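Observations on the model geometry
These are the residues of each chain, in order.
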Amino acid sequence: MTPRPRPHLILPLLFVFAFPSPASADEGQWPPEALATLGEARWGELSSRGLELTARDLWDGEGGGLLSAVVGLSGCTGALVSEEGLFLTNHHCAFSAIQLASTPEKNYLRDGFVARTRAEEVEARGGAGQVRVLSRLLDVTDRVRGPKSAFAKAKTDTARYDAVERAKKEIVAECEKTPDRRCAVAAFEDGRTFRLMEQVEFRDVRLVYAPPRGVGDFGGEEDNFRWPRHAGDFSILRVYVSPDGKPAPHSRENVPYRPKRWLKVAPKGVAEGDVVMIAGYPGRTQRYLTPSAVRNLEKWFYPLRSRTFSELIAILEAEGKKDPDTALRVASAVRSYGNGETNARGQIEGLARNGVAARAEVEAKELAEFLAARKDLPVEWAAAPAELERVLAADRAVQDRRFFLEEIERLGSYLGSALSSVRRAEERRKPDLEREAGYQDRDLDRARQREKDLTRSIAPSAAREALAHLVAKAQAAAGGSPVLAFDEAFGKGAAADAIAAKLAAMDAATALADEKVRLANVDATAAALAASDDPYVKLAVALHPDLAALRAARKETDGALLVWRPRYLSALEALRRSKGRAIYPDANSTLRVSFATVKGYSPREAVTFTPRTSLKGVLEKERGAEPFETPKKVLDAARAADFGPWADPLLGSVPVGFLTDGDTTGGNSGSPAMNGRGEVVGLNFDRVWENVAGDFGWSPERSRNVNVDLRYALWMMDRVDGAGALLKELLPER
Ligand code: ASP
């Protein structure tokens, strides 16, 4: 479909890790090795603002430096902070671990959790159950898409996609020959360059301290992505290793991990105007989109996401009201749909307010004129804008159907479990290196863990209602071609109620409620699953071809994007440079550093926000009802002004939150906010409403991220929970 790329023209500008600083001082999410290339002027400016560290102090190129204390968790970040493996992250990042450890009788989510001895620390499951420490970064672009690569020789878009995936998997397999490594190859700049991240993965993580939900999630969805903010969004976990110091699965014999580097905790906190560094794993920004891509997000994706997630939340909450066990089981899903829904609304509002589509249109016009005038530039660059639009337009034809089917696959349900075993079994027919990412042998442990976690998180009635809703939506969205497997299972045009009734009968007949059966299915062959008479396995087998076709179409699109996006970016880069503006790589779930200042902002005319909050504001917001319901022990200590050494003299109370102008996004949750000496003063956990659409562009006026002040956590441990041993471990010099 796409003409074969001329390899020598793909990467004419390989200066990826030598970015001049963009115009706005605190813009940019810097990869560790880019720090050394920021230039003397930039480092001088940072030092005049109070930064006492050098690029080498942060990252020495060999897995050393302060940044090696910044750990990656699934979708989040954490910071090692003690010589015995304690790490800090957000409460919302440990949310599913807290939920999975809770029962209605021992409800750590509601009441909080304090391990007073090592023996009381409990296994963390879910996303916080594995943490990764970065040990090496390597440019592997040449192997993935250089002139001699299979990519360069491939003749179709699908073959290009497959070639890149194959190369990535080979590199990962070589990297993982070193024991305990978990490696990943990340595409930078939409696939113009590729980097290998070698990480050490730890699999025994334990929950040590979590505040009650009334502190950790104070304000709930009502306050999410908002300022002023008063949530104590922190939790503490510990990494364990085998007695000989190696990463190992959870076992009682394991001992606390002694990291090479950990960050010191600064008991004195921050003040307005201080310089702060935020280091973490930002997930995704999209700052170089074509106009139609922006419009599609604004008019189609985010509105559909907001609507669908609101509907799912209403369904899950209604089920949760029926009994406390269901309420606990659906808590994590409700929270994560809630976060996604609020974010989607913020994106819609922000994209419109900031005129992102209109700006993209102006730039597209400038680009067209620039390319027409600059005949010296490669012809592929000139073709890129139109080619890109063509590829994206074709992809949009299937996007409604894909949206709902992907949500169905993601839902924690028996059908979701069956679908993943059928897909795994199909993939297993191929040699390991040809299987899709996520379905190789290296992924088996995780697949098993997911089935175990499902036992603790599924609420069958809630899953059934949510699934019925999504199936009805998928059928309605499918236009002329509804999913046949659904028609067969539930009847043509069936309404959600009728689908739910059929699902209830399937729930009564399925064996998938039994964890052992689901675990056996992880290893089952395609033939065995095809012969199964379990109703969910049968439905999954019937659905598989539709899902496989969607994935095949996506691969073709992605293969074409691997050709055209880098060319588009190169053209855009040439344009921006001609105007003295730089571009830097979008976030891609790899380690980045953002430099920032503690500062407030003005959300609209005549309104100014100061950058810090304290316990005073917690008391002001307190309603005695969710989501503003602070536990009594916290209220008592706050009302008694029992602040100990943790009060901030300027605030006259214990500080709770602070704003900085960091360049952050989802995935930065739990990122340490460090002072000029590299000591932790807080944890990033959110952005302000006006900055939700910051994913599409940073701005000095509205780009503000929200951090919890670590003194709030220290105060909770000290004055509220009397967790003296923990405090001593965090502040050994105190
Ligand atoms: N609270 C956010 C998250 O969902 C962090 C952010 O978006 O800035 O990860």
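Provided above is the structure to which this section pertains.
Everything in this summary refers to the structure shown in the same document. (Residues numbered from 1 in each chain as written. Predicted model: local features only at pLDDT ≥ 70, side-chain atom pairs only at ≥ 80, totals over all residues. Heavy atoms only, no water.)

**Quick word on the pairing of strand β7 (residues 181-188)**
Going by this rule: Following DSSP output, two strands are said to pair if at least two bridges run between them. Helix and strand assignments come from DSSP, with helices taken as H or I runs of at least 4 residues and strands as E runs of at least 2, each series counted from the N terminus.
Of the strand pairs in this sheet, β7 and strand β8 (residues 193-202) are connected by eight bridges, and their pairing is antiparallel. In the sheet register, Ala187 faces β8, and the bridge partner there is Phe194. Hairpin connection between β7 and β8: a loop of four residues separates the two successive antiparallel strands, and Glu189 in this loop has a positive phi of roughly 50 degrees.

**Quick notes on the packing of helix α14 (residues 399-410) against helix α22 (residues 535-578)**
Going by this rule: Fitting a line to C-alpha atoms yields each axis, with helices limited to the stretch in contact; the angle taken between N-to-C directions then spans 0 to 180 degrees. Convention used here: angles under 35 degrees read as roughly parallel, angles over 145 as roughly antiparallel, angles from 65 to 115 as roughly perpendicular, and any remaining angle as oblique. Left-handed describes a crossing whose near helix is turned anticlockwise from the far helix by less than a right angle; the clockwise case is right-handed. Contacts are assigned to residue pairs that have any heavy atoms within 4.5 Å of one another. Under the scheme applied, nonpolar residues are Ala, Val, Leu, Ile, Met, Phe, Trp, Tyr, Cys and Pro; charged residues are Asp, Glu, Lys and Arg; polar residues are all the others, including Gly.
At a minimum axis distance of 11 Å, the contact between α14 and α22 shows a crossing angle of 120 degrees. Between α14 and α22, the interaxial angle falls into the category oblique. Crossing handedness for the pair α14 and α22: left-handed. Facing α14, whose interface residues are Arg401, Arg402, Leu405, Glu406 and Glu409, α22 presents Leu543, Asp546, Leu547, Leu550, Arg551 and Arg554. Residue composition of the contact of α14 with α22, by class: four nonpolar, no polar and seven charged.

**A short note on helix α10 (residues 291-320)**
This is how it is decided: To estimate how far a helix should extend, the number of its residues minus one is multiplied by 1.5 Å. To sort residues, take the accessible area from a 1.4 Å probe on protein chains only and compare it with the maximum for the residue type: under 20% means buried, over 50% means exposed, and anything in between is partly exposed.
In this model, α10 (30 residues) spans 42 Å end to end at C-alpha, consistent with the 44 Å of a helix rising 1.5 Å per residue. Buried residues dominate α10, accounting for 21 of its 30 residues.

**A closer look at the site of the ligand**
This is how the line gets drawn: Working definition: residue near molecule or strand if any one of its non-hydrogen atoms lies within 4 Å of it. Note on areas: these come from Shrake-Rupley sampling with a 1.4 Å probe, and a residue is covered only by the protein chains present in the view.
Around the ligand, the surrounding shell consists of His92, Phe225, Asn339, Thr665, Gly666, Gly667, Ser669, Phe685, Asp686 and Arg687. When the ligand is considered free in solution it has 270 Å² of accessible area, and contact with the protein chains removes 91% of it. Among the elements that take part in the shell around the ligand, strand β19 (residues 680-687) stands out by supplying three residues, more than any other. When grouped by side-chain class, the residues that make up the shell around the ligand number two nonpolar, six polar and two charged.

**Notes on the environment of Ala530**
Tracing the backbone through its elements, the reader meets Ala530 in helix α21 (residues 526-531). Taking the C-alpha atoms as reference points, Ala530 and Leu659, 129 residues apart in sequence, are found 55 Å from one another.

**Points about the sheet that holds strand β18 (residues 672-674)**
Judged by pairing direction, the sheet is antiparallel, and its seven strands sit side by side in the order β13-β12-β18-β19-β20-β17-β16 without closing on themselves. Each edge of the open sheet carries a strand with a single partner, namely β13 (592-597) and β16 (612-614). Neighbouring strand axes in the sheet, compared pairwise and without regard to direction, differ in orientation by 30 degrees on average. Packing against the sheet, helix α25 (residues 710-720) makes contact with β16, β17 (655-660), β19 and β20 (705-709), and its axis sits at approximately 30 degrees to β20.

**Focus on helix α19 (residues 496-509)**
Selection criterion: Here the arc refers to the set of directions running from the helix axis out to each C-beta atom.
Between its first and last C-alpha atoms α19 spans 20 Å; for 14 residues at 1.5 Å apiece the expected length is 20 Å, and the two agree. Residues of α19 that are buried: Ile499, Ala500, Leu503, Met506 and Asp507. For α19, the angular spread of buried residues about the axis comes to 115 degrees, placing them on one side. Exposed side chains of α19 directed beyond 90 degrees from the buried face belong to Asp497, Ala508 and Ala509.

**Here we look at the state of the cysteines**
Note the cut-off: Note on terminology: disulfide denotes any pair of cysteine sulfur atoms within 2.5 Å.
Enumeration according to the criterion identifies two disulfides in this entry. Here Cys76 engages in a disulfide with Cys93; their sulfurs sit 2.2 Å apart. Measuring the twist about the S-S bond at about -80 degrees, one finds the Cys76-Cys93 disulfide to be left-handed. One end of the pair, Cys76, is in strand β2 (residues 76-80); the other, Cys93, is in the loop between β3 (86-89) and α3 (95-101), with 17 residues separating them in the sequence. We note that Cys76, like Cys93, is buried. Each sulfur of the disulfide joining Cys175 and Cys183 lies 2.0 Å from the other.

**Overview of the packing of aromatic side chains**
The test is simple: When the centres of two rings from Phe, Tyr and Trp lie within 6.5 Å, Trp using its six-membered ring, the rings pair. Their planes under 30 degrees apart give stacked, over 60 give edge-to-face, and anything left gives tilted.
Throughout the structure, instances matching the rule amount to 17 aromatic pairs. Residues Trp300 and Phe403 carry aromatic rings whose centres are separated by 6.2 Å and whose planes lie at 80 degrees to one another, so their mutual orientation is edge-to-face. In this pair, Trp300 sits in helix α10 while Phe403 sits in helix α14, placing the two residues 103 residues apart along the sequence. According to the relative accessible area criterion, Trp300 is buried, its value standing at 18%. Seen in terms of ring centroids, Tyr712 and Trp715 are 6.1 Å apart; in terms of plane orientation they differ by 20 degrees. Their pairing is stacked. Taken as a pair, Tyr712 and Trp715 lie in helix α25 at a separation of three residues, close to a single helical turn. Ring-pair connections join several aromatic residues into one group, and the members of that group are Trp300, Phe301, Tyr302, Phe403 and Phe404.

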